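Each chain, written out:
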Amino acid sequence: MPAPPLAVVVERFGAPDSFALGPATSRGPGAGEVAVRVAAAGLSHVDLLIASGEYQVRPPLPFIPGTEFAGIVEAVGNGVCHVRAGDRVCGSGWGGALTRRAIAPAERVLAIPATMPFDQAAVFRVSFTTAWHALVQRGALRAGETVLVLGAGGAVGHAAVQVARALGARVIASASSPAKRALAVAGGAEAAIDAHSETWREDLRAACAGAPLDLVVDPLGGTATEPAFRSLGWGGRHLVIGFAGGAIPRLATNLALLKGAALVGVDIKQFEERFPEAAAHNLAALLALHGQGAIVPAVGRRYALADFRTAMEDVRAGVTAGRVVVEMESDDGVLASPSRLGPQPDRADGG
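Note that this is a predicted model, so its numbers are computed, not measured.

### Examining the overall build of the protein chain
A tally of helices and strands in the protein chain yields eleven helices and 15 strands. For 351 residues, the compact-globule formula gives about 20 Å, and the C-alpha radius of gyration of the protein chain, at 20 Å, lands near that figure. Oriented by its inertia axes, the alpha-carbon framework of the protein chain measures out at about 70 × 40 × 35 Å. Looking at the 351 residues of the protein chain, the share that counts as buried comes to 51%.

As structure tokens, then:
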């Protein structure tokens with residue numbers, strides 16, 4: 001009898017070196033569920049927060065970390081009609097991705113086109129749907145407006161650069177390393193400024209070239225938020241997506257009054273739960289853009305499942321330009337998604 005497929009198992013919250021490989025689930029999919037033979041899983045800062053117990057919600061232990069994956073449908077449960085065995089899919093959920101075999105709710109599993117590689121599919125859905133929802137529903141972006149993307153080398157940041165450019169905006173990126181700034185420019189940013197520059201606001205004004213700053217995409221928080229908000233033009237919108245930079249910032253509310261500006265929260269999880277039809281429309285629009293080549297997930301590094309700790313430390317360090325992906329080996333030792341380890345990015349501090 002073959003051994004069950006492997007998974008990363010978190011028995012107690014903590015650092016990656018306290019996690020271990022263990023058996024993945026061997027049960028079949030229940031009603032409304034899909035079993036997927038995973039080819040690749042994406043890793044993000046949120047995945048590390050959940051696994052360490054630092055996220056605002058803690059999953060019950062033990063659990064399998066990771067919120068994004070891609071692979072081939074193995075079986076479907078009763079009531080599942082939109083995908084079937086053999087389909088190429090991507091999926092997302094509250095954990096369960098860092099495994100060779102995942103069971104996921106059917107509504108979180110989406111068929112992907114043949115033109116989308118598994119490594120891209122594993123990091124597509126969450127980042128790009130967050131960026132689209134932020135810019136379109138929450139930011140009311142209009143073509144021709146100027147958008148500043150903080151943390152432009154990160155998951156949501158790089159997605160926002162590409163989506164804003166595809167929607168006709170002028171994009172300025174702020175990122176911490178030459179490799180991340182180069183990635184942002186390749187993704188459509190007109191200019192990329194050094195996030196650690198001592199003259200950051202002056203650099204931003206120069207990049208705007210006299211145009212008002214209409215929109216800030218902020219997945220960082222920390223010390224990046226206040227100078228960005230102060231740089232907004234009249235009627236500008238500052239989109240609060242997360243706090244990958246560390247501390248939750250505090251803003252003087254008179255700044256919003258003086259600028260007629262808005263501080264706007266972005267929560268993709270609640271949006272998708274409350275407005276599933278709108279969320280499905282967003283996803284269809286994004287898949288169409290991918291099909292046109294207008295948006296392409298950037299994979300920076302790939303790791304084997306056995307190297308999951310190194311992959312997690314890479315994400316924690318925040319220095320890789322592009323996404324970190326864990327590619328799975330099938331039970332016979334053959335990679336389900338061929339490894340294509342590209343050039344290594346420059347090392348630098350920050351996000």
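Next comes the rest of the description.
### Brief notes about the packing of aromatic side chains
If you walk through the whole model with that rule in mind, you get four aromatic pairs. Here the aromatic rings of tyrosine 55 and tryptophan 94 are separated by 5.8 Å at their centres, their planes lie at 45°, and the arrangement is tilted. Within this pair, whereas tyrosine 55 is found in the loop between α1 (45-52) and β4 (68-76), its partner tryptophan 94 is found in the loop between β5 (88-92) and β6 (101-105), the two being separated by 39 residues in sequence. A residue is classified by how much of its surface remains accessible, and tyrosine 55, at 25% relative accessible area, is partly exposed. With centroids separated by 5.9 Å and ring planes inclined at 40°, the aromatic side chains of phenylalanine 271 and phenylalanine 275 adopt a geometry described as tilted. For phenylalanine 275, a relative accessible area of 48% puts it in the partly exposed group. Between arginine 88 and the ring centre of phenylalanine 118, over which it is positioned, the NZ or CZ distance is 4.4 Å.

### Comments concerning the packing of helix α3 (residues 125-138) against helix α4 (residues 155-166)
As a packed pair, α3 and α4 sit with axes 8 Å apart at the nearest point and diverge in direction by 55°. The orientation of α3 with respect to α4, classified from their angle, is oblique. In the crossing of α3 with α4, the sense of the turn from one axis to the other is right-handed. Taking contact as the criterion, the partners of Ser127, Phe128, Thr130, Ala131, Trp132 and Leu135 in α3 are, on α4, Ala155, Val156, Ala159, Ala160, Gln162, Val163 and Ala164. When its residues are assigned to classes, the contact of α3 with α4 shows ten nonpolar, three polar and no charged.

### Looking at the nonpolar core
Leu135, Val147, Val149, Val163 and Val217 are the most contacted members of the largest nonpolar core, which totals 45 residues. Among the elements of the structure, β3 (33-43), α2 (118-121), α3, β8 (146-149), α4, β9 (170-175), β11 (215-218) and α10 (276-291) are those that each provide at least two residues to this core. Those residues in contact with leucine 135 that sit more than four places away from it in its chain are Ala140, Leu141, Val147, Ala160, Val163, Ala164, Leu215, Val217 and Leu239. Listed in part, the 33 residues of the second largest apolar core include Val8, Ile50, Val89 and Tyr303.

### Thoughts on α1
For α1, the set of buried residues is Asp47, Leu48, Ile50, Ala51 and Ser52. Buried residues along α1 sit in contact with β3 and α11 (308-317).

### Concerning the sheet that holds strand β12 (residues 237-240)
Spatial strand order, β10-β9-β8-β11-β12-β13: six strands in an open sheet with parallel pairing. At either end of the open sheet lies a strand with only one pairing partner, and these are β10 (191-194) and β13 (262-265). Strand-to-strand twist in this sheet, taken as the mean axis angle between neighbours without regard to direction, amounts to 20°. Pairing geometry for β9 and β10, over four bridges, is parallel. When the bridges of β10 are listed, serine 174 appears paired with isoleucine 193. Relative to the sheet, α3 contacts β8, β11, β12 and β13, its axis offset from that of β12 by approximately 145°. Helix α5 (residues 178-186) rests against β9 and β10 of the sheet, and its axis sits at about 160° to β10.

Quick notes on the rules
- Residues numbered from 1 in each chain as written.
- Predicted model: local features only at pLDDT ≥ 70, side-chain atom pairs only at ≥ 80, totals over all residues.
- Heavy atoms only, no water.
- Helix = DSSP H or I, 4+ residues; strand = E, 2+ residues; numbered from the N terminus.
- Rg over C-alpha atoms; globule rule 2.2 N^0.38 Å.
- Buried < 20%, exposed > 50% of the residue type's maximum accessible area, 1.4 Å probe, protein only.
- Phe/Tyr/Trp six-rings, centres within 6.5 Å; stacked < 30°, edge-to-face > 60°.
- Lys NZ or Arg CZ within 6 Å of the ring centre and 35° of its normal.
- Axes fitted to C-alpha atoms, helices over the stretch in contact; angles between N-to-C directions.
- Parallel < 35°, antiparallel > 145°, perpendicular 65-115°, else oblique.
- Left-handed = near helix turned anticlockwise from the far one by under 90°.
- Contact = heavy atoms within 4.5 Å.
- Nonpolar A, V, L, I, M, F, W, Y, C, P; charged D, E, K, R; others polar.
- Core = buried A, V, L, I, M, F, W, Y, C linked by side-chain atoms within 4.5 Å.
- Pairing = 2+ DSSP bridges.

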